[in-house]
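# Coordinate inspection notes
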Amino acid sequence: MTAVDETTGAKEFGQSRRRKEDARLITGRTKWTDNIVLPGMAHLAMVRSPVASGTIASIDVADAKTSPGVLGVWTGADLDAEQGDLPCAWAVTPDMKHPRRPAVAAGRVKFAGEIVAVIAARSAAEARDAADKVLVDYDDLPVVLDMNEAIKEGTPLVHEELGTNVNATWIFDSGEAGTGGNVDEAIAAAHADPDSLVIERTFRQQRLVPAFMEPRSTVVDPTGEQLTVWSATQVPHIARFLLAVVLGISESKVRFIAPDVGGGFGGKIHLSPEEVATVLIARKLGKPVKYTETRSESIQSAHHGRDQIQKITLAAKKDGTVTGLKVDLLADMGAYLGLVTPGVPILGAFMYNAIYKIPAYQFKCVNVFTKKVLTDAYRGAGRPEATFAIERMMDTLANELGVDPLALREKNWIKHEEFPFTSVCGLTYDSGNYEAATSRAVELFDYEGLRREQAERRARKDPIQLGIGISTFTEMCGLAPSRVLGSLNYGAGGWEYSAIRMLPTGKVEVLTGASAHGQGHETAFSQIVADQLGVPFEDVEILHGDTQITHKGLDTYGSRSLVVGGIAIVKAAEKVIEKAKPIAAHLLEANVADIEFDSGKFSVAGTDKGVTIQEVALATFAAHNYPEGIEPSIDADATFDPENFSYPHGTHLCATEIDTETGKVTIRKYVCVDDIGTVVNPLIAEGQVHGGLAQGIAQALWEEARHDESGTLTTATFVDYTLPTAADMPFFTTDMTETASTSNPLGVKGVGEAGTIASTPAVINAVVDALRPWGIDDIQMPTTAQRVWKAIQGKEFDASVGAKDTRDGSHEAAPGNGAPLWSGNESGGAQ
Amino acid sequence: MIPAAFDYESPASVDEALAVIAGAGDREVKVLAGGQSLIPVLRLRMNAPDLVVDLGRIAELRGVRDDGDAIAIGAMTTHDDVTREPLIRQHALLLSLAAQTVADPQVRHRGTFGGSLAHADPAADMPAPALALGAEFVIAGPSGRRTVGASDFFTDLFTTAIGEGELLVEVRVPKHTGWGAHYEKFNHVAHTWSIVGVAAAVRVEGGTIAEAKVGLTNMGLVPIRATAVEQALVGQPATADAIRAAAQNADQGTNPMSDASADEDYRRHLAKVLTGRAVLAAVG
Ligand SMILES: Cc1cc2nc3c(=O)[nH]c(=O)nc-3n(C[C@H](O)[C@H](O)[C@H](O)COP(=O)(O)OP(=O)(O)OC[C@H]3O[C@@H](n4cnc5c(N)ncnc54)[C@H](O)[C@@H]3O)c2cc1C
């Protein structure tokens, strides 16, 4: 796997190396936060509100205080003066309503699961026991759970002091922005034109639980000069900054460490109430403190994802050309704002137009407060919602027009030769080849064969009906150009930091601000460094997740680690080589200008004289013999700020079987061809795709966080929140096309969220496609068996809908009036 | 760690266990078998016994023996063993097939046959097959052993004929040698409980159904014998049409709940469809 390619010097890039971090991660013999034990450490338990909405009439902690092992009990009132206000980093509009968010509720509770008191005890069990003895009386207040209700006049307010349940209204309009036409005019024109049509649909993105494998855990040691926090977080750097701000501590007095972290999916992007409470109590006790949440606490109180209602209006000509797209969203913030809560829908705002040339576009989002746990980033954050809506609309339009849905997409998508392409949102898509990815996917899927089978099953009214779903997605990832974030009023930039330390023995330590939580950074980054510096893969150590080691960084989310963090590493490596050149020249008694570097060796042009980078490192360390006027160091660092996002894309095709007797949906075949630019490690990339697909498919078929009318989460265990396992997944057929990104020197694009973004609409499109003979055109997620079965009860089956019989060989498998199937040509395609 | 504190005993014999339980006096006692239902309950602090009596060390409760016209399955025989034991596969195949559908391999290696029956969760997969096969439940108590028939064992939601201070020690299952069997489980994702399950065992003679036993999972507070289906099947040809027609009676006498995983009308419908499938698969 590590054969050296002498000719190109590219030894590691593109190799499917097994992940070097896996042995310790999989066996659990590593530093998960909950594994950390410090001398004299105390343990916390949280008392959480069982009611979603109420005032704390009384809170009696007397019994808890005398419970065995208890070191202290604190209510919100006890902590309120010092606990500050948990921050939201994204004021999406100047007049955004921003409620105070305490770590521990004082006076009022706003969602079921909110912390109302904290117990410290000598053991976690004793803390739990004491928590059961805290008696809280709540005076119930009205609950507000439904977004449509919440925004009506007269509905009780989640935060009375704000005077409204609307957090913000955010609008992008291509007409106003000058990036496209006026969408209302486009829609009006379509209404007036007999050769056009307007389609309006409302989709619901259900609430989801990020369900990372490792529950959140925090250990705080207040005894050193720096307060040290270990936490299962995706964002140690951001959390350090926020902790300093929230508690008014000097940032230099805080060391934040994310040891090995077991997944996050966005769910660990925050400074959490639990982290703040743990710090506060550790400082009060003057000794180390640990808090680890239970799974049910995690499901109830860590932020959720999605929860939007999407009203979509699409105008098109009857030849299939889309002329306008209007998006009206309601987005549920929950009761509070987390780090980027109000911005999540906006991360989707630029993606509803997707891969299509849509001349007029408007996006309007109303962010709404309800008395549920807050929402925030969840794998894909905004972009899965956008992709779902547009890909559902494209299938709907194809059905209305009676054309093949792939052909319709091709008619509207940006052609390969049109890149770079400026979208109706003003983004510049640097590269893409939708034709190549689609034609490969069609081939792997046997699109025509499955369409034929679908027609046959329809014709004989088979109890198993087949549906084919398409999702040709793109996304913007690699968060993000700092100036763009600034223009959106986001509270930080999007650069990333790296440093390279050349050790005397020739080994290499690489610092990165992109802190991994399961993605395989250590392996992929080592491969990059091995190539850049020409050192063996095994000689590279990737250090991350500790603010004392990597003092700055913007952490891991938004598929940014490789495309931003990886490039910072490349830039640092380039500096190492530049710094090493004069020393190499000195050792070789040559001119710097004559020094060439290749595959780990500095040589004098035109000679066989050379010195390895390891030899230079040792000579630099000894510092006995180096040029005058330079420092004896070849260490270097770099901060990379991307100029553009990265735009991975791909074509996902899904065939579902529907057991019409029970309503059960089974995925028969799933093919995806992703284009993530050049690929550092195909094995890791495929792993990311598989995991992403599982999560996206799960949204389509199985997962939903549900509340009862009193606001209690009724899916607070994995018995009720039905996460799938490998046993529920089909075998995936995955492949890649490689259209190099032109925005970064490695040609890479992000892959961490692609599978999640693309797969949900592919599955739902397939389910709806199977149900079309019953006149069904939409179905809510998750499409449980009961939901599907109920949808077809009492409806007539009309076999003539959709695919036609193809036994005469005419291949009229396209829906409707014999329009051609997608041609499968790399360019051109269907008429 | 997360449950409330409790005392723990692990007796080595049934007699010792009964004595420990009897000696507990007023203290609330919970018997621990595989822990796959009890531990989650303790962990969520929905129950906080003073004393947990672990049956895990009692060798006599584990394993299967031939008992003449029946096989006798020790209460502590794990689900995984039930799937594999040759005696069970030969004489009570339905139990093996049902046990295969329980949760995942980890749960099957810990969870026990007796624990599942004693727990009597309406959504659990082992009670209906045991009921269908007419199992007898041997219960040991301070005053000796008694045997309870299948129809008297499951008395209510999470409630059985096992009295306070008693233990389920053995389940005697009449031999159904040569019968066809199938357990049709319908659930949301692979590792979860049944929304509805149907246990079917049939004896076919010359293409005609001679005997049929059908048990339903989660169609009421207790497992239910689909007697109307059984009667309708006997004497019918073992054909798809005949079986489907008989299966239409599957929801007779049932009382399914509406809950988060399904509504009552859907459960009634599923019972019919799944019964047809289960019997059809059982006749082979
Ligand atoms: C993730 C998960 C998924 C599951 N999925 C399924 C599923 O799909 N289908 C299914 O059927 N089950 C499922 N189960 C439950 C599993 O089958 C349990 O093993 C079973 O229900 C209980 O058996 P146990 O040996 O674990 O009993 P325990 O949990 O130890 O005990 C359960 C109860 O029975 C009592 N008890 C146990 N043994 C005796 C005895 N000999 N005498 C008197 N009382 C006794 C205990 O006191 C306790 O009240 C699942 C469990 C888990 C954790």
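If you're wondering where the values come from, they're calculated on a predicted model, not measured in any experiment. (Residues numbered from 1 in each chain as written. Chains lettered and ligands numbered in written order. Predicted model: local features only at pLDDT ≥ 70, side-chain atom pairs only at ≥ 80, totals over all residues. Heavy atoms only, no water.)

With that out of the way, let us pick up the overall build of chain B. Counting its regular elements, chain B contains 12 helices and 14 strands. In terms of C-alpha radius of gyration, chain B reaches 19 Å, essentially the compact-globule figure of 19 Å for 284 residues. On the principal axes, the C-alpha backbone points of chain B span a range of 60 × 45 × 30 Å. A burial count over chain B gives 50% of its 284 residues as buried. Partitioning the contacts of chain B with sequence separation of at least 6, the portion at a separation of at least 24 is 60%. Accessible surface, chain B: about 11500 Å² in total, of which carbon and sulfur atoms supply 48%. If you average the places of the 24 positive and of the 34 negative side-chain charges in chain B, the two averages end up 4 Å apart. (Helix = DSSP H or I, 4+ residues; strand = E, 2+ residues; numbered from the N terminus. Rg over C-alpha atoms; globule rule 2.2 N^0.38 Å. Buried < 20%, exposed > 50% of the residue type's maximum accessible area, 1.4 Å probe, protein only. Contact = heavy atoms within 4.5 Å. Areas by Shrake-Rupley, 256 points an atom, 1.4 Å probe, with all protein chains shown as cover. Lys, Arg positive; Asp, Glu negative; His and termini not counted. Charge placed at Lys NZ, Arg CZ, Asp CG, Glu CD.)

Residue and element names in this part refer to chain A. Pairing geometry for strand E22 (residues 595-598) and strand E23 (residues 601-604), over four bridges, is antiparallel. Note that in E23 the partner of Phe-597 across the bridge is Phe-602. Hairpin connection from E22 to E23: two residues lie between these consecutive antiparallel strands, with Ser-599 at a positive phi of about 50°. (Pairing = 2+ DSSP bridges.)

Now for the domain arrangement of chain A. All names here are of chain A. Partitioning chain A into structural domains gives domain 1 (2-29 + 495-640), domain 2 (33-141 + 215-261 + 268-301) and domain 3 (305-479 + 644-792). Between domain 1 and domain 3, the residue contacts involve 25 residues of the former and 23 residues of the latter. Of the roughly 1800 Å² buried between domain 1 and domain 3, counting both surfaces, carbon and sulfur atoms make up 68%. Per-residue buried area on domain 1 facing domain 3 is highest for Phe-13, Ser-559 and Val-563; these three make up 31% of the total on that side. Counting every contact that joins domain 1 to domain 3 gives zero salt bridges. Across the contact surface, domain 1 and domain 3 share 12 residue pairs in polar contact (both at pLDDT 80 or more). Elements represented by at least two residues in the side of domain 1 that touches domain 3 include exactly helix H17 (521-533) and helix H18 (561-588). (Domains from an automatic or database assignment. Buried area = accessible area lost by both parts, 1.4 Å probe. Salt bridge = Lys/Arg side-chain N within 4 Å of Asp/Glu carboxyl O. Polar contact = N/O pair within 3.5 Å; in protein donor to acceptor, adjacent residues only side chain to side chain.)

Quick look at unusual backbone geometry now. Of the consecutive residues Phe-419 of chain A and Pro-420 of chain A, the connecting peptide bond is found in the cis state with omega at -10°. Note that Pro-420 of chain A resides in the loop between helix H13 (405-412) and strand E16 (421-422). Looking along the chain, the bond that leaves Met-781 of chain A and enters Pro-782 of chain A is cis, with omega of -10°. With respect to the helices and strands, Pro-782 of chain A occurs in the loop between helix H21 (754-771) and helix H22 (785-792). A positive phi angle is found at Glu-589 of chain A, which is not glycine, with a value near 55°. A positive phi angle is found at Ala-103 of chain B, which is not glycine, with a value near 45°. When you line up the elements, Ala-103 of chain B lands in the loop between helix H5 (93-100) and helix H6 (105-110).

Looking at the secondary structure, you find Glu-686 of chain A in helix H20 (residues 682-701). On the accessibility criterion, Glu-686 of chain A (31% relative accessible area) is partly exposed.

Our next topic: the interface of chain A and chain B. Many analyses report the size of an interface as the accessible area lost when the parts associate. Counting residues at the interface gives 28 residues for chain A and 24 residues for chain B. Summing the contributions of chain A and of chain B, the shared interface buries around 2100 Å²; its carbon and sulfur component is 57%. For the pair chain A and chain B, the interface holds six salt bridges. The partner of Lys-790 of chain A in a salt bridge is Asp-263 of chain B, with the nearest N and O atoms 2.5 Å apart. At the surface where chain A touches chain B, the tally comes to 15 residue pairs in polar contact (both at pLDDT 80 or more). For the side of chain A that touches chain B, the class distribution of residues is 11 nonpolar, eight polar and nine charged. (Nonpolar A, V, L, I, M, F, W, Y, C, P; charged D, E, K, R; others polar.)

Think of an α-helix as 3.6 residues a turn; residues three or four steps apart then line up on the same face. Residue and element names in this part refer to chain A. In this model helix H14 (residues 434-445) runs 16 Å from its N-terminal to its C-terminal C-alpha over 12 residues, within 8% of the 16 Å that 1.5 Å per residue would give. Taking burial as the measure, the 12 residues of H14 include nine buried ones, the bulk of the element. Listed as buried for H14 are Tyr-434, Glu-435, Ala-436, Ala-437, Thr-438, Ser-439, Ala-441, Val-442 and Phe-445. At the C-terminal side of H14, Asp-446 shows a positive phi close to 60°. (Expected span 1.5 Å × (residues − 1).)

Glancing now at the packing of aromatic side chains. One pass over the structure, following the stated rule, counts 19 aromatic pairs over all chains. Taking the centre distance of 6.1 Å and the plane angle of 80° together, the rings of Trp-170 of chain A and Phe-350 of chain A count as edge-to-face. With Trp-170 of chain A in strand E7 (residues 166-173) and Phe-350 of chain A in the loop between helix H11 (344-349) and strand E15 (361-369), this pair connects stretches of sequence that are 180 residues apart. Since its relative accessible area comes to 11%, Trp-170 of chain A is described here as buried. With 5.2 Å between their ring centres and 45° between their planes, Trp-789 of chain A and Tyr-266 of chain B make a pair best called tilted. Of the two residues, Trp-789 of chain A sits in helix H22 while Tyr-266 of chain B sits in helix H12 (residues 264-283), which places them in two different chains. Using a relative accessible area of 8% as the deciding quantity, one classes Trp-789 of chain A as buried. Here Tyr-266 of chain B falls in the buried class, since its relative accessible area comes to 1%. Following the ring pairs from residue to residue traces out a cluster consisting of Trp-170, Phe-172, Phe-350, Tyr-352, Tyr-361 and Phe-363 of chain A. (Phe/Tyr/Trp six-rings, centres within 6.5 Å; stacked < 30°, edge-to-face > 60°.)

Residue and element names in this part refer to chain B. In the vicinity of the ligand lie 30 residues, with Val-31, Gly-35, Gln-36, Leu-38 and Thr-112 positioned nearest. In this structure, a nitrogen atom belonging to the ligand sits 2.9 Å away from a main-chain N or O atom of Leu-168. When the ligand sits alone it has 960 Å² of accessible area, and the protein chains cover 91% of it. For the shell around the ligand, the secondary-structure elements that each account for two or more residues are strand E2 (29-32), helix H7 (113-119) and strand E10 (167-174). Among the elements that take part in the shell around the ligand, H7 stands out by supplying four residues, more than any other. (Near = heavy atom within 4 Å.)

Residues and elements named next belong to chain A. Ordered in space as E22-E23-E24, the three strands form an open sheet in which the pairing is antiparallel. Only two strands of the sheet have a single partner each, and these edge strands are E22 and strand E24 (610-612). Across this sheet, the average inter-strand angle for adjacent strands is 20°, counted without regard to direction. Where H18 meets the sheet, it contacts E22, E23 and E24, and its direction lies at approximately 50° from that of E23. Running at roughly 75° to E24, helix H19 (residues 613-622) makes contact with E22, E23 and E24 of the sheet. (Axes fitted to C-alpha atoms, helices over the stretch in contact; angles between N-to-C directions.)

With that settled, consider the packing of helix H12 (residues 383-401) of chain A against H13 of chain A. All names here are of chain A. Interaxial distance between H12 and H13 falls to 9 Å at its minimum, and their mutual angle equals 110°. With respect to H13, the element H12 is oriented roughly perpendicular. Read as a crossing pair, H12 and H13 show a hand that is right-handed. Contacts between H12 and H13 involve Glu-391, Met-394, Asp-395, Leu-397, Ala-398 and Leu-401 from the former and Pro-405, Leu-408, Arg-409 and Asn-412 from the latter. Class assignment for the residues of the contact of H12 with H13 results in six nonpolar, one polar and three charged. (Parallel < 35°, antiparallel > 145°, perpendicular 65-115°, else oblique. Left-handed = near helix turned anticlockwise from the far one by under 90°.)

The subject of this paragraph is the environment of Ser-561 of chain A. Residue and element names in this part refer to chain A. If you trace the backbone, Ser-561 turns up in helix H18. Measuring from C-alpha to C-alpha, the distance between Ser-561 and Glu-456 comes to 47 Å, with 105 residues separating the pair along the chain. Setting aside chain neighbours within four positions, we find Ser-561 in contact with Ala-514, His-521, Phe-525, Thr-556 and Gly-566.

Another aspect to go through is the pairing of strand E13 (residues 208-217) of chain B. Residues and elements named next belong to chain B. Counting buried positions over the 10 residues of E13 gives seven, a clear majority of the element. Across nine bridges, the pairing between strand E12 (residues 196-205) and E13 is antiparallel. Considered in E13, the bridge of Ala-199 is made with Gly-215. Where E12 hands over to E13, the hairpin turn is made up of two residues, of which Gly-206 adopts a positive phi near 50°.

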